[in-house]
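# Observations on the three-dimensional arrangement
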Amino acid sequence: MKSLKFECRLKSRVNVLRSIQSKHRFQHHCLASENSNVARTNLTPSQHVLDIWHKAEAVCFDVDCTVTVNDSLDLLAEYMGVGKEVENLTKKAMDGTLSLGQALEERLKLINCKPKDIKSFLAANPPQSRFAKGIVSLVTRLQERDVTVYLISGGFRELTLPIAEQLGIPRQQVFANRMLWQWDDETLEPSRLVGFDISEPTARNQGKPQAIAKIREAHTYSSVVMIGDGITDLEAVQVSGGADLFIGYGGVQRRAAVEKDADWYVMDFAELEAAMKCYQVAMIGSGAWACAAARMVAQNALENTSGMFDTKVKMWVYEENYEGRKLTEIINERHENPKYLPGVSLPENLVAMPDLLEVTEGADLLIFCSPHQFVRGVLKQLAGKVKKGAVAISLIKGMRVRVDGPQLISQMVERMLGIDCSVLMGANIAEGIAKEELSEAVIGYDNLDNAYVFEKVFQRPYFEVKLIPDGPGAEMCGTLKNIVALAAGFVDGLGYGPNSKAAVMRQGLSEMMNFSTRLYPSIRSETFLESCGMADLIATCYGGRNRKVAVEYASSWQAGAPQTFDALEASLLNGQKLQGVMTSDEVQEILRMKGWEQDYPLFTTINRIIHSQLDPSYVVKYKEGAGINISLHADPTVLKSGDTPPKGPRLAPLNTF
Ligand SMILES: NC(=O)c1ccc[n+]([C@@H]2O[C@H](COP(=O)([O-])OP(=O)(O)OC[C@H]3O[C@@H](n4cnc5c(N)ncnc54)[C@H](O)[C@@H]3O)[C@@H](O)[C@H]2O)c1
Ligand SMILES: [Mg+2]
C-alpha cells in the first residue's frame, strides 16, 4: 500500500524521527528501571502504551514460548533423545551463565541431527499443534489491518519457517539463526550439522533490537512493537534503535524480570486483540462531496473485517426541509441525499443526524467537509467537546483571512479544537467518485500515524490515496484552484479555444505555486504535480461548479444581460455553494494587505471581473486587467443582474494617468 517512492522520500525524515524516538524510548526505560520501587501496574496498559499498540505498523513476535507453547530446539532435542541435557543448557543461557552463542553451539552439538531428522520431527510436531492460544487470531487480525508481522527467534530458521508459513508470514519477515551443514560429496546433500551462522543478529546477545534496527532501516514504520516471553525480547526496547513498545507474554512461561519491566504484561493474546482500536468515524457535512466521501468511508467501515472501524458512520446534516420533509429523515429512509447528490445510493450504515454534538460524541476520527464559510461556526460549537485523542481531517477547500494573515481550514481546526488535522485533497469531483470512477487524492499530513489511519478510512479500489508530508501545500492547491476554475469558465463562456484556456491554466498554476510558497515557504514544489495540484486544477477547469457558473456569467455578459454570481449560484447550483468567488476575495485581501496584487495578474484580474470592475474578456488580457488602477478610479457601484454591461474596461488603464 505504501509506495516505494513514498517510502524513499520519507526515509530521511523518518530516520530522524526514529532516532529521536529511540533515544526517547531508551531514556524512558532507564527511568523505568531507576524507579522500579514505584508500584507499576503493567497489567493494565497506560494510554501511551495503548496509543502505540493502536498505531503500530509492525509487530514482532518472539517464537519459542510466545507463538508456540514450547521451545522448538528443546522439543527437537527431546525428539533426538537428548532432551534433559539440552534443557540444562537452555536454562544456563536464560539465567546468563552461558552466552547465547555458546549455549546454541553446545545445544546443536548435543542434538547432532540430520536434515531428515528435522523433516520427521516437523511431521511429528506440526506447528499448528504447538500454537499458543489466540496467536493465530491475533496475527490474522493484525495482518487484516495492514500491520506487518515479523517473527524474531533466537532459535533456528529451519524450525521457524514452517511456523511462519502456517501464520501467512513471508520468509523475509523471519529473523532466526541458520544451521550450518556439512555437505556430502557423493549425494551433494547436507549430511551433518556442524554449527550455525554467527552473522545473523539473533545469534548474539542483543540480537532482537539489532534485528528490529535492520527492519527499521529497510522500512519507514513509525512504530514497532515487540512481543515475547524472554529477557532477550525485553532487550528490544532497552537498546537504542529497537522497538517502541515491549509487551510481555506470560501465557506459556512467566518470567519475573520480564513481568516486572514490560510496558504491558499479558497472560492471554485475547487481551491484545480486545484492546485493538475500533475507530468511530464522524462526517461533518452533507453536501455533494461530503456524501460521496461519506459513502466511501461507510463502505470501508462495513467491509472492515479487522474491526478497525465502528460500522456505524454518523453524518451531520445541516437540517433543512426538502419536499416538505426533513432532509435527515429522507436520507435515512431512502439512503440517498436527493438534494445534494441525487441518484446515488448511500450505504445503510451511514446515518444522517441533525445534531452536531450527537454526531461527534465519542468519535475518534472527525472528517470536516462543509462549505468553508460555515466551518468556524461549527468549530465554535465543538470546541472543548470532542473526544480526548480524537484526530481530524479536512476535505474543505478555502481559507480564512484575518488581520494577522491567512488561516487554512486545517489550521483553524487545530487551533480551535486542539487536535491534529490532516487534509485530503485531489481531483475529486463528487459525482464522478459517487459513480466509482477511478480517482486519486492525497492526504497531506503532519502526523504520519494519523495519516495511515485516514488512508484506511478513504482508500477504495476506485479511489487511490497517497500520503504526502505537505498538508499546507495540498490545502493551498485545493483552495486556489477554484479561482483558476473561474478563469477557465470565463474562457469557455466567451468561446475561446483550447490554446487560451491552456494559457490561463498555466498562468493560474504558476500563480498558485508562487503565492503558496511565498506564504508558506515549507511547501514542496513537487506537491503541485500531485493529484491535489495539477490534476485537480485540470479536473476543476473542465468540470466542476466554479467553472460551470463562470461560463454562464461570461455568456450573460456577452449576451448583454449580465447576471451576478449570487443569482447564478442560486439558479444553477441547487443549494450547493460556490467556493471560487469567496476564495478569490479572500486571496485578494491578502494580496492587497501585502501589496502583492501586481505579482499575481491573473488572480487580480479574476477578482476584478467577479466584481464587475472589468469585462470578463479581460481574462485573456489579464496582465492589462491587473494593471488598471482600480484604487483611483473604482466605481463603487457593482453591476447588478440586468444592468447594461460597460464596453471595454470600466476603469481607465493606469498608463493614461
Ligand atoms: N462538490 C465537489 O465536487 C467537491 C469536491 C472536492 C471538494 N469539495 C469541497 O468540499 C467542501 C464541501 O463541499 P460539498 O459539495 O460537500 O458541499 P456544498 O459546497 O455543495 O454545500 C452544501 C452543503 O452546505 C450545507 N449548508 C448550507 N447552509 C449551511 C450552514 N449555515 N451551516 C452549515 N452547513 C450549511 C448544506 O446542508 C449542504 O450539506 C467545499 O469546501 C468544497 O469546495 C467539493
Ligand atoms: Mg521465547
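Everything quoted here is computed from the prediction, not taken from an experiment.

Definitions and cut-offs
- Residues numbered from 1 in each chain as written.
- Chains lettered and ligands numbered in written order.
- Predicted model: local features only at pLDDT ≥ 70, side-chain atom pairs only at ≥ 80, totals over all residues.
- pLDDT = per-residue confidence, 0-100.
- Contact = placed C-beta atoms within 7 Å.
- Near = placed C-beta within 6 Å.
- Helix = DSSP H or I, 4+ residues; strand = E, 2+ residues; numbered from the N terminus.
- Nonpolar A, V, L, I, M, F, W, Y, C, P; charged D, E, K, R; others polar.
- Domains from an automatic or database assignment.
- Pairing = 2+ DSSP bridges.
- Axes fitted to C-alpha atoms, helices over the stretch in contact; angles between N-to-C directions.
- Buried ≥ 20, exposed ≤ 12 C-beta atoms within 10 Å, placed from the backbone.
- Right-handed = clockwise from strand over helix to strand, strands pointing away.
- Parallel < 35°, antiparallel > 145°, perpendicular 65-115°, else oblique.
- Left-handed = near helix turned anticlockwise from the far one by under 90°.

## Structural notes on the confidence of the model for the protein
The predicted coordinates should not be examined in detail at positions where pLDDT is low. In the predicted model, the protein carries a mean pLDDT of 88, and the fraction of residues at 70 or more is 90%. In the predicted structure, residues 1-40 sits below a pLDDT of 50 and forms 26 contacts with residues beyond four places in sequence or in another chain.

## Here's the deal with the site of ligand 1
For ligand 1, the set of nearby residues contains 24 residues, the closest of which are Gly287, Trp289, Tyr318, Ala430 and Gln576. With three residues, the single largest contributor to the shell around ligand 1 is helix H13 (residues 288-303). Its residues assigned to classes, the shell around ligand 1 comprises twelve nonpolar, ten polar and two charged. Three or more residues apiece are contributed to the shell around ligand 1 by two domains, here domain 2 (281-469) and domain 3 (477-656).

## Brief notes about the sheet that holds strand E8 (residues 264-266)
The six strands are arranged E3-E2-E1-E6-E7-E8 in an open sheet whose pairing can be described as parallel. With partners counted over all chains shown, the strands left at the sheet margins are strand E3 (174-177) and E8, one partner each. Here the strands of the sheet are splayed against their neighbours by 20° on average, with no regard to which way each runs. Strand direction decides the pairing type here: strand E1 (residues 58-61) and strand E2 (residues 148-156), joined by four bridges, are parallel. The residue of E2 that forms the bridge with Phe61 is Leu151. Most of the contacts of helix H10 (residues 231-238) go to strand E7 (residues 245-249), to which it runs at about 165°, and overall it touches E2, strand E6 (224-228) and E7.

## Some thoughts on the pairing of strand E15 (residues 391-394)
By the alternation rule, side chains of E15 split into Val391 and Ile393 and Ala392 and Ser394, which are all buried. The pairing of strand E14 (residues 365-368) with E15 spans four bridges and is parallel. Across the sheet, residue Ile367 finds its bridge partner in E15, namely Ile393. Note that the unit made of E14, helix H16 (residues 375-382) and E15 has a crossover that is right-handed. Where E15 meets strand E18 (residues 421-425), three bridges bridge the pair, whose relative direction is parallel.

## Considerations on the packing of helix H20 (residues 471-493) against helix H26 (residues 601-610)
H26 packs onto H20 with a crossing angle of 65° between their chain directions and a minimal axis gap of 10 Å. Comparing the axis directions of H20 and H26 gives the class roughly perpendicular. Crossing of H20 against H26: the hand is left-handed. Contact residues: Ile483, Leu486, Ala487 and Phe490 in H20; Leu602, Phe603, Ile606 and Ile609 in H26. In the contact of H20 with H26, the residues fall into eight nonpolar, no polar and no charged.

## Overview of the pairing of strand E20 (residues 463-468)
Burial within E20 is extensive, with five of its six residues counted as buried. Alignment of strand E19 (residues 439-444) against E20, held across six bridges, turns out to be parallel. Paired with Ser439 across the strands is Phe463, a residue of E20. What joins E19 to E20 is helix H19 (residues 448-458), and the crossover it makes is right-handed.

## A short note on the environment of Leu108
Along the chain, the position of Leu108 falls in helix H5 (residues 100-111). For Leu108 and Phe196, which are 88 residues apart along the polypeptide, the C-alpha to C-alpha distance reads 8.4 Å. Residues in contact with Leu108, not counting those within four places in the same chain, are Leu193, Gly195 and Phe196.

## Looking at the sheet that holds E14
Ordered in space as E13-E10-E9-E14-E15-E18-E19-E20, the eight strands form an open sheet in which the pairing is mixed. Two strands lie at the open edges of the sheet, namely strand E13 (350-353) and E20, each paired on one side alone. Mean inter-strand twist for the sheet, computed between neighbouring axes without regard to direction, equals 25°. Running over the sheet, helix H22 (residues 531-542) touches E18 and E19 and is turned about 145° from E19.

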